[in-house]
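Geometric and topological summary
One letter stands for each residue in the lines below.
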Amino acid sequence: MAASNKTSGPQVIDISKLNLEQLTSLKNQLDQELQFFNESLQQLKIAQLKFNESGDCVETITPESKGKVVLVPLTSCMYVPGSIADAEKLLIDVGTGYYVEQDVTGAKDYFTRKVKFVTEQMEKIQKIASEKSRLREVVMDMMEMKLDQQLAVIQQQQGVAKA
């Protein structure tokens, strides 16, 4: 039977015991994680804006909209003219090629929920990113301290060698 490691949370490492090379590696890892979180935040911000725009568009649809000519997106950059056949029922793109028919109230509710969900995810990522950023600063401070110690040792050795 193999022994199993049971760890319930993140590993705690005393960074003062790490050498300069290990600290550099940790800093690089934190830099990569921060870059990933920032890219994720940008993508979520784009999604949030799209859901907000879609919700705003749904707000403009009224029963009087029936028969009006609109531009229908075929792709992200190609539109074709069309007309609103039924202003009471809308087709909502829920992702991966699936569409759901909803009334205007249901569509508004859907986009409101999506904006709320994306905003909550952004807040979670921002919290994690700020923690990682603080940790990165601590690691950089420790690296600076280790470099200063190494320079002091070298200067001391050079002073002894001259005497």
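As the structure is a computational prediction, the values presented were derived from the model and not from experiment. (Residues numbered from 1 in each chain as written. Predicted model: local features only at pLDDT ≥ 70, side-chain atom pairs only at ≥ 80, totals over all residues. Heavy atoms only, no water.)

Topic: the side chain of arginine 136
- Structurally, the position occupied by arginine 136 is in helix 2 (residues 104–162).
- Arginine 136 sits in the buried class, given a relative accessible area of 19%.
- Once residues lying within four places of it in the same chain are set aside, the contact partners of arginine 136 are Lys27, Leu30, Asp31 and Leu34. (Helix = DSSP H or I, 4+ residues; strand = E, 2+ residues; numbered from the N terminus. Buried < 20%, exposed > 50% of the residue type's maximum accessible area, 1.4 Å probe, protein only. Contact = heavy atoms within 4.5 Å.)

Thoughts on the pattern of salt bridges
- With the rule as written, the count across this model stands at 8 salt bridges.
- Residue aspartate 31 pairs with arginine 136 through a salt bridge whose shortest N-O separation is 2.3 Å. With aspartate 31 in helix 1 (residues 20–60) and arginine 136 in helix 2, this residue pair connects regions lying 105 residues apart in the sequence.
- Owing to a relative accessible area of 25%, aspartate 31 belongs among the partly exposed residues under this scheme.
- Of the charged contacts, one joins lysine 116 and glutamate 120 as a salt bridge, the two residues approaching to 3.9 Å between their closest N and O atoms. Of this pair, lysine 116 and glutamate 120 both sit in helix 2, 4 residues apart, roughly one helical turn.
- We classify glutamate 120 as partly exposed; its relative accessible area is 33%. (Salt bridge = Lys/Arg side-chain N within 4 Å of Asp/Glu carboxyl O.)

Brief notes about the packing of aromatic side chains
- Taken as a whole and assessed by the stated rule, the structure comprises 3 aromatic pairs.
- Ring geometry for phenylalanine 51 versus phenylalanine 111: centroids 6.3 Å apart, planes at 40°, classification tilted. With a gap of 60 residues between them, phenylalanine 51 in helix 1 and phenylalanine 111 in helix 2 connect regions that are remote in the sequence. Considered together, phenylalanine 51 and phenylalanine 111 belong to a single accessibility category, that of buried residues.
- Plain terms: the ring middles of tyrosine 110 and phenylalanine 111 are 5.2 Å apart, the flat faces sit at 75° to each other, and that makes the pair edge-to-face. Both residues of the pair, tyrosine 110 and phenylalanine 111, count as buried.
- Put simply, the rings of Phe51, Tyr110 and Phe111 pair up and form one aromatic cluster. (Phe/Tyr/Trp six-rings, centres within 6.5 Å; stacked < 30°, edge-to-face > 60°.)

Re the UniProt feature "coiled-coil region" (unreviewed entry) in the protein
- Here the UniProt-annotated "coiled-coil region" (unreviewed entry) positions come out as residues 13–47.
- Secondary structure within residues 13–47 divides into 80% helix and 0% strand; the distance between the first and last C-alpha atoms comes to 37 Å. (UniProt positions renumbered as here; feature names shortened; annotations may be inferred.)

Some remarks on the nonpolar core
- In this structure, Phe51, Val58, Leu90, Ile92, Ala107 and Phe111 are the most contacted members of the largest nonpolar core, which totals 16 residues.
- Contributions of two or more residues to this core are made by helix 1, strand 3 (89–95) and helix 2.
- At 9 residues, the largest contribution of residues to this core is made by helix 2.
- Apart from the residues within four sequence positions on either side, phenylalanine 111 is in contact with Phe51, Ser54, Gly55, Val58 and Ile92. (Core = buried A, V, L, I, M, F, W, Y, C linked by side-chain atoms within 4.5 Å.)

Digging into the pairing of strand 1 (residues 69–73)
- Burial within strand 1 is sparse, with just 0 of its 5 residues counted as buried.
- Pairing between strand 1 and strand 2 (residues 79–83): 5 bridges, direction antiparallel. If you follow leucine 71 over to strand 2, its bridge partner there is proline 81.
- Taking the residues between adjacent antiparallel strands as the criterion, strand 1 and strand 2 are bridged by 5 residues. (Pairing = 2+ DSSP bridges.)

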